[in-house]
Every structure is written in structure tokens, then in C-alpha cells.
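Residue strings, one per chain:
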Amino acid sequence: MSIPSSERRHDLDALRVFACYLLFLFHVGMVFNPAPFFHVRNDESSLVFLILCGFIGLWHMPLLFTLAGWSAAASLRSRGVGAFLRERFHKLFVPLVAGCVLLVPAIKYFELRSGQDLNHRGLFVTEEVQASMRSVLPIDLPRAEPFDESFLAFLPSFFTDLDRFTWSHLWFVAYLLVFT
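Along each chain, residues carry numbers from 1 onward, in the same order as the chain's sequence is written. Owing to the predicted nature of the model, reporting of local features is limited to residues with pLDDT of at least 70; listing and counting of side-chain atom pairs is limited to 80 or more, with chain, interface and lining totals taken over all residues. Note that the side-chain values use all heavy atoms of the structure and ignore hydrogens as well as water.

1. A few points about the packing of aromatic side chains
Stacked, edge-to-face and tilted are the three classes for Phe, Tyr and Trp ring pairs, Trp counted by its six-membered ring, which pair at centre distances within 6.5 Å; planes under 30 degrees apart are stacked, over 60 edge-to-face, the rest tilted. Scanning all chains against the criterion turns up 9 aromatic pairs. Between Phe65 and Phe179, the aromatic rings sit 6.4 Å apart at their centres with planes inclined by 70 degrees, giving edge-to-face as the arrangement. Of this pair, Phe65 sits in helix α2 (residues 47-79) while Phe179 sits in helix α7 (residues 171-179); the two residues are 114 residues apart in sequence, bridging distant segments of the chain. Phe179 gets classed as exposed once you look at its relative accessible area, which sits at 62%. With a centroid separation of 6.1 Å and an interplanar angle of 85 degrees, the aromatic rings of Trp171 and Phe172 are classed as edge-to-face. Burial classes: relative accessible area under 20% of the type maximum marks a residue as buried, over 50% as exposed, and values in between as partly exposed (1.4 Å probe, protein chains only). Taking relative accessible area as the criterion, Phe172 reaches 33% and is therefore assigned partly exposed. Here the aromatic cluster, defined as three or more aromatic residues joined through ring pairs, consists of Phe65, Trp171, Phe172, Tyr175 and Phe179. Going along the chain from the N terminus, every DSSP run of H or I of four or more residues is numbered as a helix, and every run of E of two or more is numbered as a strand.

2. Overview of the layout of surface pockets
If you roll a probe as big as a water molecule over the atoms, it shows you where there is empty space left. Size it by volume and the largest pocket reaches roughly 1,200 Å³. Only protein atoms enter the 1 Å grid used here, on which a cavity is any set of points holding a 1.4 Å probe that cannot leave and a pocket is any open set flanked by protein within 12 Å on both sides along at least five of seven lines; residues with an atom within 4 Å of a point are listed as lining. Lining the largest pocket are 41 residues, with Met61, His169, Trp171, Phe172 and Val173 sitting closest to its centre. Counting residues per element, the ones that place at least two in the lining of the largest pocket are α1 (10-32), α2, α3 (81-102), β1 (116-119) and α7. With 12 residues, the top contributor of residues to the lining of the largest pocket is α2. Each residue gets one of three labels, nonpolar for Ala, Val, Leu, Ile, Met, Phe, Trp, Tyr, Cys and Pro, charged for Asp, Glu, Lys and Arg, and polar for the others, Gly among them. Grouping the amino acids of the lining of the largest pocket by side-chain chemistry returns 22 nonpolar, 13 polar and 6 charged. Grid points are joined across faces, edges and corners, and a volume is the space filled by probe spheres set on the points.

3. Looking at helix α4 (residues 104-113)
Each turn of an α-helix holds 3.6 residues, which means side chains three or four residues apart point in the same direction. Those residues of α4 lying buried are Val104, Pro105, Lys108, Tyr109, Glu111 and Leu112. Looking straight down α4, one finds its buried side chains confined to an arc of 165 degrees; they lie on one side. Downstream of α4 by a residue or two, Gly115 has a phi angle that is positive, lying close to 95 degrees. The directions from the helix axis to the C-beta atoms form the arc being described.

4. Overview of α1
To estimate how far a helix should reach, multiply one less than its number of residues by 1.5 Å. The terminal C-alpha atoms of α1, which comprises 23 residues, lie 34 Å apart, in line with the 33 Å expected from a rise of 1.5 Å per residue. Of all the positions in α1, only Leu12, Asp13, Ala19, Leu22, Phe26, Gly29 and Met30 are classed as buried. Between two residues, a contact is recorded if the distance between any of their heavy atoms is within 4.5 Å. In this fold, the buried residues of α1 make contact with α2.

5. A closer look at the pairing of β1
A regular strand places its side chains so that they alternate between the two faces of the sheet. Each pair of strands is called paired provided DSSP finds at least two bridges between the two strands. Pairing analysis gives 4 bridges linking β1 to strand β2 (residues 122-125), with the strands arranged antiparallel. The residue of β2 that forms the bridge with Asp117 is Phe124. Between β1 and β2, which pair antiparallel in sequence order, lie 2 residues.

6. Digging into the nonpolar core
Among buried residues, the Ala, Val, Leu, Ile, Met, Phe, Trp, Tyr and Cys ones that are joined through side-chain atoms within 4.5 Å form a nonpolar core. Leu92, Leu96, Cys100, Val104, Leu170, Val173, Ala174 and Leu176 form the largest nonpolar core, which has 8 residues in total. Every element with two or more residues in this core is listed here: α3 and α7. Other than its neighbours up to four places away in sequence, Val173 contacts Leu92 and Leu96. Among the nonpolar cores identified, the runner-up in size contains 6 residues, and Phe26, Met30, Cys53 and Ile56 belong to it.

7. Structural notes on the side chain of Ser75
Looking at the element boundaries, Ser75 is found in helix α2. Exposure remark for Ser75: the relative accessible area of 6% places this residue in the buried category. N or O atoms closer than or at 3.5 Å make up a polar contact, with two conditions inside protein: a donor-capable atom paired with an acceptor-capable one, and, for residues adjacent in sequence, both atoms drawn from side chains. Of note is the side chain of Ser75, whose polar atom sits 2.8 Å from the side chain of Glu87.

Rendered as C-alpha cells:
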């Protein structure tokens with residue numbers, strides 16, 4: 001039995017809702033995860049969150065990208081190429097630029113303040129963070145430079161120092177923009 005393309009797929013809507021709830025759980029859990037791959041970390045970590053976030057991380061983003069591809073295909077069929085590309089620009093490019101200007105500096109500030117610097121060159125951590133990560137990664141990571149605690153001192157260099165600039169948590173928006 002074929003389903004008309006204009007009919008709403010409630011099963012996919014339910015899957016999107018489930019994926020969004022998992023996204024929330026994942027990001028809350030990552031704060032307590034001892035692994036070094038998150039911008040903000042709690043002083044106390046939990047092996048349970050390491051396992052839970054690792055499990056969710058295996059299939060969560062592929063699920064979200066699959067759902068996005070399904071939606072993009074339906075949008076392309078119903079709107080045509082020109083309207084689809086305009087829609088992608090407004091729904092992805094504009095939020096990416098706005099987020100990089102308005103949100104990412106604060107995320108980067110908290111990341112640096114917690115002793116980490118994740119950028120295009122790799123992950124750099126302070127000595128204190130290095131010690132807490134040895135239970136997860138038995139290797140030494142490159143050392144992070146000392147960080148000036150003042151947000152106002154950090155902000156101008158964020159926009160001029162390309163080693164500090166990142167799209168941070170908005171990486172998936174950039175990928176969706178490029179892939180579509």
C-alpha cells in the first residue's frame with residue numbers, strides 16, 4: 001500500500017519527538033560524563049552517564065540526520081528546487097550565523113573556563129582536567145593555554161583569533177546546510 005506524499009507521517013513525528021527527548025537527556029548526561037568531549041563539566045562525574053551517553057551517541061545523530069533527510073526530500077518534492085534552497089538558507093544559514101555571533105561565544109567561554117579548548121586543531125585541556133580524564137582516556141592530551149576569566153577580555157579575541165572561533169554546538173546546522 002503506497003502512502004500519498006502529501007499525507008502527514010505521524011510515525012515520523014513521534015520519532016522526532018522521541019529523538020528530541022533523547023537529545024535533552026544526552027546533553028544533561030554529558031555534563032556528568034567523565035569523557036572529555038563536552039564543553040561544560042560537573043566536578044562530580046558518573047560512569048553511568050558515560051555508558052548512557054555513549055549508547056545514545058552511537059545512533060542518535062544518525063537518526064536525526066535520517067529524519068532531516070526524509071523531511072528535506074518531502075520538502076524538495078512539494079516546493080521545487082528554488083523554493084527549497086531559499087527555505088534551507090533561511091532555516092539553516094541565518095540561524096547558524098546568528099548562533100555563532102550570539103550563542104557560541106558564551107559556550108566557548110564556559111568551555112575555556114572549565115579547562116578545555118575544543119577547536120579545529122583538536123582538544124586541549126588543562127592539567128586538572130587531564131587528571132580527571134585518565135580514567136576514560138589513558139593518554140595525555142595537548143595542554144590548554146591559561147585562560148583569562150574575564151568574559152569581556154575573551155570576547156574580542158573570539159571574533160579575531162581563528163584558533164578560538166568555532167561553531168561549537170551548531171556543527172550539525174552547518175552539516176545540514178552543506179549536505180542539503
